[in-house]
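The chain contents come next:
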Amino acid sequence: MYRGRGSTSNERDQLAGPSNQAPSWPDDDEDIFNDVPMAPAIPDNRELNLFEEETTETPLEKLTRHWLNERFAPDILPAQEALLTNLLDHLRRQSEAVQLLRGDPSSSEEEHIRIMLVQTEVERVKFVVRSYVRTRLFKIERYARFITTNAEIQTRLTAAERDHASRHAKLTDQHFYLSVLQGLPEKQSHLDDTPLFVPPMVTEPDKSRPVFVHALKRCPRIRLPDGSTLEMEKGHMSLMPYSIVEQLLLRGEVELI
Amino acid sequence: MALPQTLRASVTPPELELVASQQLIEIIPMISMEKTAFISGAYGPLRPPNKAKIPLWMAVNLKMKKKCHIVAPDWLTADYLQERLNLETTDLSFSSLPFRFAEIAKVILDVASDDVENPDKIRSLLKDLREARQAKSREGLRTLDHSELTLSNLSSMEINEIRPYFIQSMSIMTQLVRNPAPDPLGHP
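Here the residue index of a chain counts from 1 through its sequence in written order. Note on labels: chains are lettered from A, ligands numbered from 1, in written order. Where local features are concerned, this predicted model is filtered to residues with pLDDT of at least 70; where side-chain atom pairs are given and counted, the filter is 80 or more; whole-chain, interface and lining totals use all residues. The basis for every side-chain value is the complete set of non-hydrogen atoms in the structure, without hydrogens or water.

1. Side note on the UniProt feature "domain: DNA replication complex GINS protein PSF2 N-terminal" (unreviewed entry) in chain B
UniProt positions are given in the numbering used here, feature names are shortened, and annotations may be inferred rather than shown by experiment. On the UniProt side, "domain: DNA replication complex GINS protein PSF2 N-terminal" (unreviewed entry) is annotated at positions that read residues 12-71 of chain B here. Across residues 12-71 of chain B one finds 28% helix and 33% strand; the C-alpha atoms that close the span lie 27 Å apart. Under the DSSP-based scheme used, a helix requires at least four consecutive residues in state H or I and a strand at least two consecutive residues in state E, with every element numbered from the N terminus.

Here it is in C-alpha cells:
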C-alpha cells in the first residue's frame, strides 16, 4: 500500500536496505541479480511493433504510461495501487541487492559497473514513482473540497488519498472560516453556496479541457463536440476535449501524450 | 509535497528525455557483462565486440565511462534526415519520424557525437527540420476548432511545445461555443 502523503518517506524506509536486518542471501554473489524475479523479457522488436496485437507492457512501462496520463489529464485517474506496490517491492529488492554487493570488497570492475547501472535504474524508477504520486497529491489538494462531496471521484482514490483529501478540505475550510468567513453575514459565509452569476468556489476538474491523445489500438467510434464522429485507428493522434476520450482512457485504449 | 508549480501545466523536456531514454538502442560494448535483471527487463549478456541492445540511458552511462560505442539508429544519418527535410519542405503534411526522435537525437549527439557520422551536418539538418515543422504546426493553429484536431506524425517534443497555446486556444473556443453570444438581430 502506498500513501498519498508521506509516500516518499515511506518508500525511503523500504529502500533503506538491509542494514537493519539480516537477510539470508545465496553465497554466490555472481547470480544475485538473476535471483531477482525478472520482469517479463522484452521482445526485441518493441519499437518496430510488427504485430497488430499489443505487446506485453512491463510494469515500468505501465507506470510510465499512467504517470504521463495523470500529468496531462485534468481529472484524477483511478489509482494504480497494485502496480505501485509491485514496483516499490521490486525497487526495494534491487536496492537490497545493490547494498549487499557494494559491501563486498572483492568485486571486480565489471561488477562495479553492473552495480552502478542497477543503482541508476533504481533512481530513474524512483523519480517516476515520486512524480506520479506527487501529481496525484497536487490534484487531490486542489480538488479536496470537491472530492469530499463527490462519491464517484472517491472510488478512484486509495484509502490514504481519500483520508488526505478530507483532512485537507477540513483544514482549509477552518482556515477560511476563522480568517474571513465568520466575519461575513450568514448569507455569504459558506464556501459552497451558489449565488447567481458568480462562479462556484469549489474547484472541480475541468473535463472540457483539451488533451493530446494517442490511440493504442483501434477505438470504437466517438462523437465529437461539433456533432461529427471519429473512429481512431491505432496510432492516431488528436487534440480534443478530455470528456470525449475519458472512457477510452479509462479502458486503456488511448494514452495521453 | 505536491507537484511543484512549474511542473503542473505540462511535462518538461528533461522528463520527456527520461521517458525516451527507456527505448532500446544498439551498442558495441567494450566490457563484458553477464545477463542482468533490471526493473525494466533483463539485458545482456555483453560480449565485446558483439552488438547488444540495451536501454538508451544505460548506453549513455556506459558511453560516458568509455565502455561502449553507440550505434546510431538508421534515421540518425545525414542522408536520411536530408531526405526527410526535402519531403518536409515540399509536402504540406508532416513527414514521419520516430515519435521521440528529438529527445533521442539530442541524447546521442550530446554524449556520443563521435559515434555518429558527420554530427555537425546532422545537427544542422535537425535544426532545419525543426524549423520547417514548427512553421507547419503554427499554420495548424489556423484550422483549430472547439472539437478535434488530428495531428499526424507530430513528435512528442513538438506536441509539448505547442501544448500551452493549443490547449488554451481550444478551451477558449469551447467556451465561446458553449455560451454563444445573443444574436443581435434576434434570429433563432
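2. Description of the UniProt feature "domain: GINS subunit" (unreviewed entry) in chain A
Feature annotation in UniProt assigns "domain: GINS subunit" (unreviewed entry) to the following positions: residues 103-175 of chain A. Note that residues 103-175 of chain A is 84% helix and 0% strand, and that its end C-alpha atoms are spaced 51 Å apart.

3. Some details on the pattern of salt bridges
A side chain of one charge can pair with a side chain of the opposite charge if their charged atoms are brought near each other. All names here are of chain A. Definition used for salt bridges: Asp or Glu carboxyl oxygen within 4 Å of a side-chain nitrogen of Lys or Arg. Tallying each qualifying case throughout the model produces 34 salt bridges over all chains. Among the ionic pairs, D75 bridges to R156, the shortest N-O distance being 3.0 Å. Here the residue D75 occupies a position in the loop between helix 3 (59-72) and helix 4 (81-102), and R156 occupies one in the loop between helix 7 (151-154) and helix 8 (159-179), the gap between them amounting to 81 residues. Comparing D75 with R156, the two get one shared label, buried. The structure contains a network of salt bridges with shared partners spanning D75, E152, R156, K207 and E246. Partly exposed residues are those whose accessible area sits between 20% and 50% of the maximum for their type, while under 20% is buried and over 50% is exposed, using a 1.4 Å probe and protein chains only.

4. Remarks on the sheet that holds strand 4 (residues 237-241) of chain A
Strands qualify as paired when DSSP identifies two bridges or more between them. The sheet built from four strands is open, its strands ordered 5(A)-1(A)-4(A)-6(B) with antiparallel pairing. At either end of the open sheet lies a strand with only one pairing partner, and these are strand 5 (254-256) of chain A together with strand 6 (149-150) of chain B. Taken together, the two bridges between strand 4 of chain A and strand 6 of chain B define a ladder with antiparallel strand orientation. Across the sheet, residue A:S238 finds its bridge partner in strand 6 of chain B, namely B:T150. With respect to the sheet, helix 3 of chain A is in contact with strand 1 (210-215) and strand 5 of chain A, its orientation differing from that of strand 5 of chain A by roughly 60°. The criterion used for residue contact is that any of the two residues' heavy atoms lie within 4.5 Å. A fitted line through C-alpha atoms serves as each axis, taken over the contacting stretch for helices, and the angle formed by two N-to-C directions is quoted from 0 to 180°. Here helix 6 (residues 156-178) of chain B sits on the sheet in contact with strand 1 and strand 4 of chain A together with strand 6 of chain B, set at roughly 125° to strand 1 of chain A.

5. Regarding the domain arrangement of chain B
All names here are of chain B. In this document the domain limits rely on a domain assignment from an automatic tool or a database. Each domain of chain B was delimited in the assignment, giving domain 1 (20-71) and domain 2 (72-176). Computed from C-alpha coordinates alone, the two centres of domain 1 and domain 2 are separated by 28 Å. With 11 residues of domain 1 at the contact, the number on the domain 2 side is 11 residues. Summed over both partners, the accessible area lost on bringing two parts together, with a 1.4 Å probe, is the buried area. Regarding the contact of domain 1 and domain 2, the summed buried area is about 920 Å², with carbon and sulfur atoms giving 69% of it. For domain 1, the biggest contributors to the area lost against domain 2 are A20, K63 and I70; these three give 44% of the whole. Here domain 1 is connected to domain 2 by two salt bridges. Where the side of domain 1 that touches domain 2 is concerned, the elements lending two or more residues are helix 2 (56-64) and strand 5 (68-71). Lys, Arg, Asp and Glu make up the charged group, whereas Ala, Val, Leu, Ile, Met, Phe, Trp, Tyr, Cys and Pro make up the nonpolar group; the residues left over, Gly among them, are polar. For the side of domain 1 that touches domain 2, a count of residues per class yields eight nonpolar, two polar and one charged.

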